[in-house]
Amino acid sequence: MTADLPSPLRLRRATLSLITLLGGVSLAVIPAATVAISSRLFSRPEQGVIAVAVMVATFAGQLTFAVVLESRLSSAATERRVVFPLWLAGLAIVAALVIALNPTNPVVLCVGLPLLIAALEVGRGVSVAERLDVREIWASVMVGLGALGGVVAAFTGQNWALVPLVAGIAAATLLRCLPVAHKASRPEPAVMGWVVADTAITGVIYPLLNTMILALLGPGDAVLFTAIATVSGLLAIPLNFMRLRLLKAHSQLDIVVSAGAVLAAVVVLVVLERTGVLGFIFGGVWTSSAAILPLVLACCWRAASLPTTIPFAALRRMGEVRLLTGLRAVVSAMAFALAAVGLWLHSLPAVFLGLLLAELASAVVYELARRRRVRAAEQLAVAGR
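Residues numbered from 1 in each chain as written. Predicted model: local features only at pLDDT ≥ 70, side-chain atom pairs only at ≥ 80, totals over all residues. Heavy atoms only, no water.

## Considerations on the side chain of arginine 176
Okay, step 1: Within the secondary structure, arginine 176 is located in helix α7 (residues 162-176).
Okay, step 2: By relative accessible area, arginine 176 is classed as buried at 4%.
Okay, step 3: Every residue in contact with arginine 176, bar those within four places of it in the chain, is listed here: Phe84, Leu120, Gly123, Arg124, Ser127, Arg135, Glu136, Ala139 and Ser140. (Helix = DSSP H or I, 4+ residues; strand = E, 2+ residues; numbered from the N terminus. Buried < 20%, exposed > 50% of the residue type's maximum accessible area, 1.4 Å probe, protein only. Contact = heavy atoms within 4.5 Å.)

Structural data, given as structure tokens:
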């Protein structure tokens, strides 16, 4: 698709894509900033509950994303257009206001987080899928500045540190829900059902795992698991960016840009850990543990999604939602079983190693399914001729 454009337009599109991809840091930084602020505001037991709430909120955001965006992008019989729904924007702004008025109440934070994360996931997804790059750049700046202000306030002992965090989310939400020229496509009901089931089967693993970690290993390990998962989520930014673009159309340029960004993110995270920056951000939970090994394994787990995403997106474009749901169920069961072995060993590195092995296996499964589907299509075409 991009090869048909003149060179200056291709360069401009690639530049905007790269900037928009980098803007995804603002999405990944919110869970990490929430954990960092909580470590300064709340007791250790409350931090453990909030760590699980962050995982639950991420899961809620994934489900909302599946309903609003992915179901439409996977509906091959439609134009596959998406917009940011006003009802979600309104709920997120109300949640931000309530948290801002009760910034030291952990229950209010836990209840409001799913709405805020859902708005961030959907808002950014719409901008990436519809190439609203300039709008998304400004929205990402607002979220990033809010997170930075909140973390700085927490480090200085201010009990209102959550206020700038939620204010940045609210401002970005208002910008992302501005009117656009197109209307959202109506998703095919059957496709929506399979996509939502697919997302639920996959996403429920991580809050469930962290709940088990909280119950079996205590709040310290639960907070550390969330911190490592959210920090390594920096790698998920280019991967999610690539998936959204590939759901619309295959693009070698977006694959190359995303792969380069994944490698750069790994280097950045290792440098931040070795220089003590991550320990400073997350406090005693991070510094009291040997975090480098689980962090490296978590980065490998995230990076292994790169070869998984390409055949996955190809199958989605082909409309193979039912097949993908079945495959994801098998892969998710395998991931949970392997991670549970690590939990049984009372070892966070083993938990992340289990997730890595499951991701590598899923890449093979999806690629074999894609090749089988392509061969079937070729055979059908030959028979038709």
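Once you've had a look at it, read on.
## Here we look at the nonpolar core
Okay, step 1: Counting residues in each nonpolar core, the largest one holds 102 residues, and the members touching the most others are Phe282 and Trp286.
Okay, step 2: It is helix α5 (residues 106-129) that contributes the most residues to this core, 13 residues altogether.
Okay, step 3: Built from parts of two domains, this core gets at least three residues from each of domain 1 (8-202) and domain 2 (218-384).
Okay, step 4: Not counting chain neighbours up to four residues away, the residues in contact with phenylalanine 282 comprise Ala32, Val35, Ala36, Ser39, Arg40, Ala227 and Val231.
Okay, step 5: If you look at the next biggest cluster of nonpolar residues, it comprises six residues, including Leu315, Leu324, Tyr366 and Ala369. (Core = buried A, V, L, I, M, F, W, Y, C linked by side-chain atoms within 4.5 Å. Domains from an automatic or database assignment.)

## Comments concerning the packing of helix α11 (residues 236-248) against helix α12 (residues 252-274)
Describing two packed helices takes the angle between their axes plus the distance from one axis to the other.
Okay, step 1: In contact at an axis separation of 9 Å, α11 and α12 are set at 170° when each is read in the N-to-C sense. Judged on the interaxial angle alone, α12 and α11 are roughly antiparallel. Taken together, the residues of α12 that come into contact with α11 (itself represented by Pro238, Leu239, Phe241, Met242, Arg245 and Leu246) are Asp254, Ile255, Ser258, Ala261 and Val262.
Okay, step 2: For the contact of α11 with α12, a count of residues per class yields eight nonpolar, one polar and two charged. (Axes fitted to C-alpha atoms, helices over the stretch in contact; angles between N-to-C directions. Parallel < 35°, antiparallel > 145°, perpendicular 65-115°, else oblique. Nonpolar A, V, L, I, M, F, W, Y, C, P; charged D, E, K, R; others polar.)

## Remarks on the domain arrangement of the protein
Okay, step 1: Each domain of the protein was delimited in the assignment, giving domain 1 (8-202) and domain 2 (218-384).
Okay, step 2: Between the C-alpha centres of domain 1 and domain 2 there is a distance of 19 Å.
Okay, step 3: In this assembly, 44 residues from domain 1 lie in contact with 39 residues from domain 2.
Okay, step 4: Here domain 1 and domain 2 share four salt bridges between them.
Okay, step 5: Measuring nitrogen to oxygen at the nearest pair gives 3.5 Å for the salt bridge that ties glutamate 70 to arginine 243.
Okay, step 6: Mapped by element, the contributors of at least two residues to the side of domain 1 that touches domain 2 are α1 (7-23), α2 (25-41), α3 (44-73), α5, α6 (133-155) and α8 (189-203). (Salt bridge = Lys/Arg side-chain N within 4 Å of Asp/Glu carboxyl O.)

## A short note on the state of the cysteines
Okay, step 1: A complete count under the given rule lists zero disulfides for this structure.
Okay, step 2: Take cysteine 300: it sits in no disulfide, and the sulfur closest to it among the cysteines is that of cysteine 299, at 7.0 Å.
Okay, step 3: On the basis of relative accessibility, which here comes to 35%, the residue cysteine 300 falls in the partly exposed class. (Disulfide = S-S within 2.5 Å.)

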